[in-house]
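# Summary of the model geometry
In case you want the letters, here they are:
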Amino acid sequence: MKLSISFLAKLLILQYLSVQCLSDDFDFFYFVQQWPGAYCDSKQSCCYPKTGKPTADFGIHGLWPNYNDGSWPSNCDPDSTFDKSEISELISSMEKSWPSLSCPSSNGIRFWSHEWEKHGTCAESELGQREYFEAALKLKEKVNLLQILKNAEIQPDDEFYSIESIKDAIKEGSGFTPGIECNRDSRGNSQLYQVYMCVDTSGSDFIECPVSPRSKCGSDIQFPKF
Ligand code: AMP
Ligand code: AMP
C-alpha cells in the first residue's frame, strides 16, 4: 500500500511537470513599439542598419507573451531557432517596420532572432514563426501611432508633452489605453521611449490591458527629434 501511494504521488508529480514544461500558454501579448529618437538619444547611443537611417516612425520592438499577474515567460523552446527562410517574404517589410538600432550596425537578423528566441517561442502554441512576425507587422499597420499623435498636435520636435495627453491621444485614436515607457537622455530628460498595447493571444486584435507595464515616466516627457 505504501509503495503504491508513493508511486501514485510520483506519477502525479511527473504529470504536473510535463504539463508545466509543455504548455507555453500565456494570457495576452504586449505589442511594443519604440521611438527611434529616444533609443538613439540615450546613453547607449545607436547604429543605423546597413540599409540606412530608418524613416522617422515608430518601429516594432516586439510582441511579448505575458501573464495577467504581471510576469512573463521567456526562452520557451531552445530547439526552435530563428529560421530566416521562413520569413524571406517579410524581410523588406521587417527592415522598414522593425529596424535594428543596436551597435554594431546590423541588418536586423540578430535583433529578430533574439526576439523570436526570447519571446516568440513562448507563443508557439498560437503562432508559428512566420505567423508571429506577420502578426506584429499587421498590428503596426492597424495603429499608426505617429499619425495618431500628430492629429493631437503631439510631434517629435524635442518639446515636452504631458504623459496624460499622450495616453489620451492614443486612446482616442486607437480605442485602447496604452502603457508608456520612458528612458532618460544624457541630460536626464524623461523621454517617450516605448508604447505598449495589449493584444489577444491570437495576435490579431487589440484589447484593454489586463495589467499595465511599468512606466518610469515623469509627468511631462520629451518627444525627441529623430
Ligand atoms: P528593461 O528592464 O525594461 O530594459 O527590459 C529589458 C527586457 O526585458 C525587454 O527588452 C524585454 O525583453 C524584457 N521585458 C520587460 N518587460 C517585459 C514584459 N512585460 N514582457 C516580456 N518581456 C519583458
Ligand atoms: P528584449 O530582450 O526584447 O527582448 O530586448 C532587449 C534587447 O533588445 C536589448 O539588448 C536591447 O538593447 C535590444 N534592442 C532594443 N531595441 C532595439 C532595436 N531597435 N534594435 C536592436 N536591438 C534593440
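All of the points below concern the structure found in this document. Note on numbering: residues in each chain are counted from 1, in written sequence order. A letter from A marks each chain and a number from 1 marks each ligand, given out in the order of writing. A pLDDT threshold of at least 70 governs which residues receive local features in this predicted model, and a stricter bar of 80 or more applies before side-chain atom pairs are shown or counted, although totals over entire chains, interfaces and linings include all residues. Values shown for side chains rest on all heavy atoms present in the structure; no hydrogens or waters enter the calculation.

### Concerning the overall build of the chain
Inclusion rule: Counting from the N terminus, the helices are DSSP H or I runs at least four residues long and the strands are E runs at least two residues long. Summary of the burial criterion: residues with accessible area below 20% of their type's maximum are buried, those above 50% are exposed, and those between are partly exposed, where the area comes from a 1.4 Å probe applied to protein chains only. For this analysis, residues touch if any pair of their heavy atoms sits within 4.5 Å. Where accessible areas are quoted, they stem from the Shrake-Rupley method and a 1.4 Å probe; at the residue level, only the protein chains shown are allowed to cover.
Counting its regular elements, the chain contains seven helices and seven strands. With 226 residues in all, the chain has 44% of them scored as buried. For the chain, restricting intrachain contacts to residue pairs at least 6 apart in sequence, the fraction spanning at least 24 positions comes to 75%. Looking at the chain as shown, the accessible area adds up to about 11,900 Å², and 51% of this sits on carbon and sulfur atoms.

### With respect to the site of ligand 2
Rules: The cutoff for a nearby residue is simple: one of its non-hydrogen atoms must lie within 4 Å of the molecule or strand. Nitrogen and oxygen atoms within 3.5 Å of one another constitute a polar contact, given that in protein one can donate a hydrogen and the other can accept it, and given that sequence-neighbouring residues count only through two side-chain atoms.
Close to ligand 2 lie 13 residues, the nearest being Leu101, His114, Glu115, Lys118 and His119. Between Gln34 and ligand 2, the recorded distance is 2.8 Å, taken from a side-chain N or O atom to a nitrogen atom. One of the side-chain N or O atoms of His114 is found 2.7 Å from an oxygen atom in ligand 2. Against a free-state accessible area of 490 Å², the protein chains account for coverage of 76% of ligand 2. Those elements that place two or more of their residues in the shell around ligand 2 are β2 (59-66) and α4 (109-118). Looking at the shell around ligand 2, the element that brings in the most residues is α4, giving four residues.

### A short note on a negative patch on the surface
To keep it simple, the criterion reads: Each patch groups residues whose relative accessible area exceeds 30% and which form no salt bridge, using 9 Å between like charges and 5 Å between nonpolar side chains of Val, Leu, Ile, Met, Phe, Trp and Tyr. Salt bridge criterion: a side-chain nitrogen from Lys or Arg within 4 Å of a carboxyl oxygen from Asp or Glu. A residue counts as positive if it is Lys or Arg and as negative if it is Asp or Glu; His and the chain ends are not included. Just so you know, the charge point we use is NZ for Lys, CZ for Arg, CG for Asp and CD for Glu.
Among the surface-exposed residues, Asp25, Asp27, Asp69 and Glu126 lie close enough to one another that they form a single negatively charged patch. Relative to the helices and strands, Asp27 resides in the loop between α1 (2-22) and β1 (28-34). According to the relative accessible area criterion, Asp27 is partly exposed, its value standing at 37%.

### A short note on the nonpolar core
Put simply, the test is: We call a set of buried residues a nonpolar core when its members are Ala, Val, Leu, Ile, Met, Phe, Trp, Tyr or Cys and they connect through side-chain atoms within 4.5 Å of each other.
In this structure, Phe133 and Ile180 are the most contacted members of the largest nonpolar core, which totals 51 residues. Non-local contacts of Phe133, meaning those with residues more than four positions away in its chain, are made with Phe82, Ile87, Leu90, Met94, Trp98, Trp112 and Trp116. In terms of nonpolar packing, the next biggest core, distinct from the first, is built from six residues, Phe28, Val32, Tyr196 and Cys198 among them.

### Here's the deal with the packing of α4 against helix α5 (residues 129-142)
Filter applied, for reference: In this description, a line fitted to the C-alpha atoms serves as the axis of each element, helices being fitted only across the stretch in contact, and the angle between N-to-C directions of two axes falls anywhere from 0 to 180 degrees. When describing relative orientation, an angle under 35 degrees is termed roughly parallel and one over 145 degrees roughly antiparallel, while 65 to 115 degrees is termed roughly perpendicular and anything else oblique. Ten residue types, Ala, Val, Leu, Ile, Met, Phe, Trp, Tyr, Cys and Pro, are classed as nonpolar, four, Asp, Glu, Lys and Arg, as charged, and the remainder, Gly among them, as polar.
Packing of α4 against α5 leaves a shortest axis separation of 11 Å and a crossing angle of 110 degrees. Our classification of the angle between α4 and α5 gives roughly perpendicular. Each of Trp112, Glu115 and Trp116 in α4 lies in contact with α5, whose residues at this interface are Gln129, Tyr132 and Phe133. A breakdown of the residues in the contact of α4 with α5 according to their chemical character gives four nonpolar, one polar and one charged.

### Some details on α5
Heads up, the rule is: For a helix, the expected span equals 1.5 Å multiplied by the residue count minus one.
Look at α5: 20 Å from first C-alpha to last across 14 residues, which is about the 20 Å you get at 1.5 Å a residue. Taken together, the buried positions of α5 are Gln129, Tyr132, Phe133, Ala135, Ala136, Leu137, Leu139 and Lys140.

### Things to note about the site of ligand 1
Contacts to ligand 1 come from Tyr30, His61, Trp64, Asn66, Trp72, Lys118, His119, Glu181 and Arg214. Interatomic distance of 3.0 Å between a side-chain N/O atom of His119 and an oxygen atom of ligand 1. Within the side chain of Glu181, an N or O atom sits 3.4 Å from an oxygen atom of ligand 1. Top element by residues in the shell around ligand 1 is β2. It accounts for three residues. Taken together, the residues that form the shell around ligand 1 break down as three nonpolar, three polar and three charged.

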